[in-house]
Amino acid sequence: MKKDLFTVAGKKLNSRLIVGTGKYKNFKETAEAVKSSGADMVTVAVRRVNILDKKKPLLMDYLNPRKIIYLPNTAGCFNSNEALRTLRLAREMGGWKIVKLEVLGDKKTLYPNMIETLSATKVLVKEGFKVLVYCSDDPLLAKELEHEGASAIMPLASPIGSGLGIQNKVNLSIIINQSKVPVIVDAGIGTASDATVAMEMGCQGVLVNSAIAKAKNPILMAESFKHAVKAGRKSFLAKRMEKIYYGIASSPTEGLI
Amino acid sequence: MAKIQLNGRKITVDIKFSIFNLLKKYKIDSKKVAVELNNKIINKNKYKSTYLKSKDKIEIVHFIGGG
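Residues numbered from 1 in each chain as written. Chains lettered and ligands numbered in written order. Predicted model: local features only at pLDDT ≥ 70, side-chain atom pairs only at ≥ 80, totals over all residues. Heavy atoms only, no water.

A.B. asks: Provide a residue-level description of the interface of chain A and chain B, including the pertinent values.
C.D. replies: Each partner contributes residues to the interface: chain A has 31 residues there, and chain B has 28 residues. Surface buried jointly by chain A and chain B totals about 2,700 Å² across both partners, of which 65% is contributed by carbon and sulfur atoms. Where chain A touches chain B, the interface holds 3 salt bridges. Across the salt bridge formed by Glu 36 of chain B and Arg 85 of chain A, the nearest N and O atoms sit 2.5 Å from each other. (Contact = heavy atoms within 4.5 Å. Buried area = accessible area lost by both parts, 1.4 Å probe. Salt bridge = Lys/Arg side-chain N within 4 Å of Asp/Glu carboxyl O.)

A.B. asks: Account for the packing of helix H3 (residues 80-94) of chain A against helix H4 (residues 114-126) of chain A, naming residues and giving values.
C.D. replies: Residues and elements named next belong to chain A. Two numbers describe how H3 lies on H4: the axes approach to 9 Å, and their chain directions differ by 35 degrees. The chirality of how H3 crosses H4 is right-handed. Note on element contacts: H4 touches H3 through Glu 116, Ser 119, Ala 120, Val 123 and Leu 124, opposite Ser 80, Leu 84, Leu 87 and Arg 88. Residues that form the contact of H3 with H4 fall into these classes: 5 nonpolar, 2 polar and 2 charged. (Axes fitted to C-alpha atoms, helices over the stretch in contact; angles between N-to-C directions. Helix = DSSP H or I, 4+ residues; strand = E, 2+ residues; numbered from the N terminus. Left-handed = near helix turned anticlockwise from the far one by under 90°. Nonpolar A, V, L, I, M, F, W, Y, C, P; charged D, E, K, R; others polar.)

A.B. asks: Could you give an account of empty space enclosed by the protein, with specific residues and numbers?
C.D. replies: One pass over the structure, following the stated rule, counts 1 cavity of 30 Å³ or more. Quantified by volume, the largest cavity comes out at close to 40 Å³. Mapped by element, the contributors of at least two residues to the lining of the largest cavity are helix H2 (59-62) of chain A together with strand S5 (57-65) of chain B. Classifying every residue of the lining of the largest cavity gives 4 nonpolar, 1 polar and 1 charged. (1 Å grid on protein atoms, 1.4 Å probe; cavity = no way out; pocket = protein on both sides within 12 Å on 5 of 7 lines; lining within 4 Å. Points joined across faces, edges and corners; volume = space filled by probe spheres on them.)

A.B. asks: An account of the nonpolar core is requested, with residue identities and associated values reported.
C.D. replies: Within soluble globular proteins, side chains that are nonpolar generally end up buried alongside one another. Tyr 70 and Leu 101 of chain A together with Phe 63 of chain B are the most contacted members of the largest nonpolar core, which has 62 residues in total. Broken down by element, the residue count for this core peaks at 6 residues, all from H3 of chain A. Counting residues in each nonpolar core, the second largest holds 21 residues, with Ile 51 of chain A together with Leu 23, Ile 28 and Leu 37 of chain B among its members. (Core = buried A, V, L, I, M, F, W, Y, C linked by side-chain atoms within 4.5 Å. Buried < 20%, exposed > 50% of the residue type's maximum accessible area, 1.4 Å probe, protein only.)

A.B. asks: Pulling in residues and values, what's your account of helix H1 (residues 27-37) of chain A?
C.D. replies: Along H1 of chain A, the residues that are buried comprise Glu 29, Thr 30, Ala 31, Ala 33, Val 34, Ser 36 and Ser 37 of chain A. Turning to H1 of chain A, the residues buried within the fold contact strand S3 (17-20), strand S4 (41-48), H2, helix H8 (210-213) and helix H9 (218-238) of chain A.

A.B. asks: Can you tell me about H9 of chain A, naming the residues and giving the values?
C.D. replies: Residues and elements named next belong to chain A. The terminal C-alpha atoms of H9 lie 30 Å apart, and with 21 residues this matches the ideal 30 Å at 1.5 Å per residue to within 8%. The set of residues buried in H9 consists of Pro 218, Ala 222, Phe 225, Ala 228, Val 229, Gly 232 and Arg 233. Seen from one end, H9 has its buried residues packed into an arc of 125 degrees, which puts them on one side. Exposed residues pointing more than 90 degrees away from the buried face of H9 are listed as Leu 220, Lys 234 and Ala 238. Tucked into the core, H9 has its buried residues touching S3, H1, helix H7 (192-200), strand S10 (205-208) and H8. At the C-terminal side of H9, Lys 239 shows a positive phi close to 60 degrees. (Expected span 1.5 Å × (residues − 1). Arc of directions from axis to C-beta.)

A.B. asks: Residue-level account of the sheet that holds strand S7 (residues 130-135) of chain A, with values.
C.D. replies: All names here are of chain A. What the 3 strands build is an open sheet, ordered S6-S7-S8; its pairing is parallel. Bordering the open sheet on either side are strand S6 (98-101) and strand S8 (152-155), each of which pairs with just one other strand. Between one strand axis and the next, the sheet turns through 20 degrees on average, direction left out of account. (Pairing = 2+ DSSP bridges.)

A.B. asks: Go over the environment of Gly 161 of chain A with me, naming the residues and quoting the values.
C.D. replies: Residue and element names in this part refer to chain A. Relative to the helices and strands, Gly 161 resides in the loop between S8 and helix H6 (169-178). The spacing of Gly 161 and Ala 211 is 50 residues in sequence and 7.7 Å in space, taken between C-alpha atoms. Each residue touching Gly 161, except ones within four places of it in the same chain, is listed here: Lys 23, Gly 188 and Ser 210.

A.B. asks: Any chance you could break down the layout of surface pockets for me, citing the residues and the numbers?
C.D. replies: Taken as a whole, the largest pocket encloses approximately 460 Å³ of empty space. Contributing to the lining of the largest pocket are 27 residues, with Lys 23, Ile 160, Asn 209 and Ser 210 of chain A together with Gly 67 of chain B lying nearest its centre. Elements that contribute at least two residues to the lining of the largest pocket include exactly S4, S10 and H8 of chain A. Of the residues in the lining of the largest pocket, the class split is 10 nonpolar, 12 polar and 5 charged. Counted as a void, the second largest pocket has a volume near 370 Å³. In terms of lining residues, the second largest pocket is bounded by 21 residues, among which Val 49, Lys 56, Pro 57 and Leu 58 of chain A together with His 62 of chain B are the most central. No other element matches the 3 residues that S5 of chain B contributes to the lining of the second largest pocket. Across the lining of the second largest pocket, the residue classes tally to 11 nonpolar, 2 polar and 8 charged.

A.B. asks: Any chance you could break down the packing of aromatic side chains for me, citing the residues and the numbers?
C.D. replies: As enumerated under the stated definition, the model contains 4 aromatic pairs over all chains in all. Measuring from centroid to centroid gives 5.6 Å for Tyr 70 of chain A and Phe 63 of chain B, while their planes differ by 70 degrees, and the two rings are edge-to-face. Taken together, the residues Tyr 70 of chain A in strand S5 (residues 69-72) and Phe 63 of chain B in strand S5 connect one chain to another. Here the aromatic rings of Trp 96 of chain A and Phe 63 of chain B are separated by 4.9 Å at their centres, their planes lie at 80 degrees, and the arrangement is edge-to-face. Placement of Trp 96 of chain A in the loop between H3 and S6 and of Phe 63 of chain B in strand S5 is noted, with the two residues assigned to different chains. On the accessibility criterion, Phe 63 of chain B (3% relative accessible area) is buried. Three or more aromatic residues joined by ring pairs form one cluster here, namely Tyr 70 and Trp 96 of chain A together with Phe 63 of chain B. (Phe/Tyr/Trp six-rings, centres within 6.5 Å; stacked < 30°, edge-to-face > 60°.)

Written out as structure tokens, the structure is:
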């Protein structure tokens, strides 16, 4: 089989698993989990430097941005302007053009505010950013994002950090089938098999944070996700058997004694 | 002396104090951060020539773990 590379926003990735770097016990655990996951892209957040603690460890000391692709996100932003400000700062930090846009609309469900998300996408695309967009699983809005120039559509499986898995397979399927840019399931994945299901459905990739970081053994779970995404992708490419609603024996009846 | 706000905290710096001096004072590696002065991003090559004055609001950000 020829190498099945994942191209997103012009970048060629070996792994279809993108991992978040939040919620880990410490940076050492983060780095080990990322390594174990085999991911070549990780999401990172932009926050104030702690000026009172000069010795505080930095993420960059544990995950080398020259070896792993940083995907700056706008987590915690609740409107378009906050998100734009965050990503412009991220770009200034080291020329990051590929970014993850996430504009939240509700503090309790962390559901995305799609009106603000759309308007921020427009501005970012105009400014030359390659935008991977966290969004609701509404096929019309997903299409709209594509029209505005999003580099990838990232519908939620279920609310961020909920671990509830894919709750609306029908919508996700419609989005996968209609999209000309990669569809990456982002948010709500709870365990490795959820990622396999997403990949079998035809998603181009999966973004996981909590399901790895909040597992009892994050390093082992990261490895499990690495295999789960590969298994799902291969299953998708192999094209599953047809479903038949009665029994068909696997052993031949000819020569039966 | 200039009274400025750095990452939400009030601090005092000498006159003719640049962003470069500020980063040095707090032992911050300029390669790992981005700086905003009064809501405007300051280009890295302007750190030495941008001096702070009273009431300036500075934000210094970096990357942390996130999903």
